[in-house]
Amino acid sequence: MFIELNGVRHHYVSKGEGPPILLVHALGGSLHSWYGVIENLSLHHHVVALDLRGHGRSEGQGTAFSIQGWSKDVSALIDALELPAVTLIGHSLGTIVAQHLAVERPEAIDALVLIGGISYFEPPMKDAYEQRAKLVEAEGLDALVDDWLPGAIAPRTAAKLPQLVGLMRDAFLRNDANSYAKACRALANMPSIKREAIGQPTLLMVGDHDRSTPIAMTEELHRDVPVSRVKVIPGAAHWVPLEQPDAIAAAVLEWLT
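Summary of the structure given here. Nothing here was measured: the structure is a model prediction, and the numbers come from that model.

**Thoughts on the packing of aromatic side chains**
Phase 1 of the analysis: Scanning the entire structure with this criterion turns up four aromatic pairs.
Phase 2 of the analysis: Judged by centre distance (5.3 Å) and plane angle (75 degrees), the ring pair of F172 and Y180 falls under edge-to-face.
Phase 3 of the analysis: Owing to a relative accessible area of 2%, F172 belongs among the buried residues under this scheme.
Phase 4 of the analysis: Y180 sits in the buried class, given a relative accessible area of 2%.
Phase 5 of the analysis: Taken together, the ring pairs in this structure connect W148, F172, Y180 and W239 into an aromatic cluster.

**Notes on the sheet that holds strand β8 (residues 228-233)**
Phase 1 of the analysis: As summarised here, the arrangement of the eight strands in space is β1-β2-β4-β3-β5-β6-β7-β8, forming an open sheet in which the pairing is mixed. Only two strands of the sheet have a single neighbouring strand rather than two, namely β1 (2-5) and β8. When the angles between neighbouring strand axes are averaged without regard to direction, this sheet yields 25 degrees.
Phase 2 of the analysis: One ladder, built from four bridges, connects strand β3 (residues 20-24) with strand β5 (residues 86-91); its direction is parallel. Looking at the pairing, V24 lines up with G90 of β5.
Phase 3 of the analysis: Those strands touched by helix α2 (residues 67-80) are β1, β2 (8-15), β3, β4 (46-50), β5 and β6 (109-115), and its axis lies near 115 degrees from that of β1.
Phase 4 of the analysis: Here helix α9 (residues 215-224) sits on the sheet in contact with β7 (202-207) and β8, set at roughly 170 degrees to β7.

**Description of α2**
Phase 1 of the analysis: For α2, which comprises 14 residues, the first-to-last C-alpha distance of 20 Å matches the rise-based estimate of 20 Å (1.5 Å per residue) to within 8%.
Phase 2 of the analysis: Taken together, the buried positions of α2 are I67, W70, S71, D73, V74, S75, A76, L77 and I78.
Phase 3 of the analysis: Trailing α2 by a residue or two, E82 shows a phi angle of about 55 degrees, which is positive.

**Here's the deal with the nonpolar core**
Phase 1 of the analysis: Grouped together as the largest cluster of nonpolar side chains are 60 residues, with contacts concentrated most on L22, W70, V74, I78 and L88.
Phase 2 of the analysis: For this core, the leading source of residues is helix α8 (residues 177-188), giving seven residues.
Phase 3 of the analysis: Listed in part, the 23 residues of the second largest apolar core include L31, V37, I115 and W255.

What counts and what doesn't
Residues numbered from 1 in each chain as written. Predicted model: local features only at pLDDT ≥ 70, side-chain atom pairs only at ≥ 80, totals over all residues. Heavy atoms only, no water. Phe/Tyr/Trp six-rings, centres within 6.5 Å; stacked < 30°, edge-to-face > 60°. Buried < 20%, exposed > 50% of the residue type's maximum accessible area, 1.4 Å probe, protein only. Pairing = 2+ DSSP bridges. Helix = DSSP H or I, 4+ residues; strand = E, 2+ residues; numbered from the N terminus. Axes fitted to C-alpha atoms, helices over the stretch in contact; angles between N-to-C directions. Contact = heavy atoms within 4.5 Å. Expected span 1.5 Å × (residues − 1). Core = buried A, V, L, I, M, F, W, Y, C linked by side-chain atoms within 4.5 Å.

Below you can see the structure in the form of structure tokens.
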């Protein structure tokens, strides 16, 4: 399905009935990154997932990207679909969008789930995302994909499900290079978030093999977010929604019950 949000045509899916859950994907991802999670959660909930502008099938290549802008798009979708207060689930970049919206519009967010949550980036990491953007602009996504994949999924997953590696490679290369570069810069320049102001109950999930947003970063979020709980997913790396969607869905359902 498609909908116009803040002047940009967005792609989204809506499935199931019950209390609403809204999913926000990672950098270079799309709503299809959540496919297995959606199939499980939609048995008990009304699940909505959105392609952020410049990602997946949503437009936006000619527009500016920022955490604040993506947050406004998610907020506009909540209003357009007339959703009651949602459980907002973010992955990686999506966790920053979720945190920002939880602080800026607390009445719309009933609970938070942050998977591979980002607290903040030290200057070297910001520089790394700027260099990634420049590399993609100069040489395309092919120059990055072979370095990206090993950190995306755990070695055991790669050995057990080599077809997943191929599909992830294909999905990554289907990104628009200029949009991906702009998204890298938006992430590097993310706003400071007053996490002590996050009043929603928050579940923090992270794979035990996650190199991109390691357990230490989740522990930092746990210290900053007043009402939070940590759940470590064994045998998973950064793209745990693809590696272990059943574990993600089960943890969310147990937490919400």
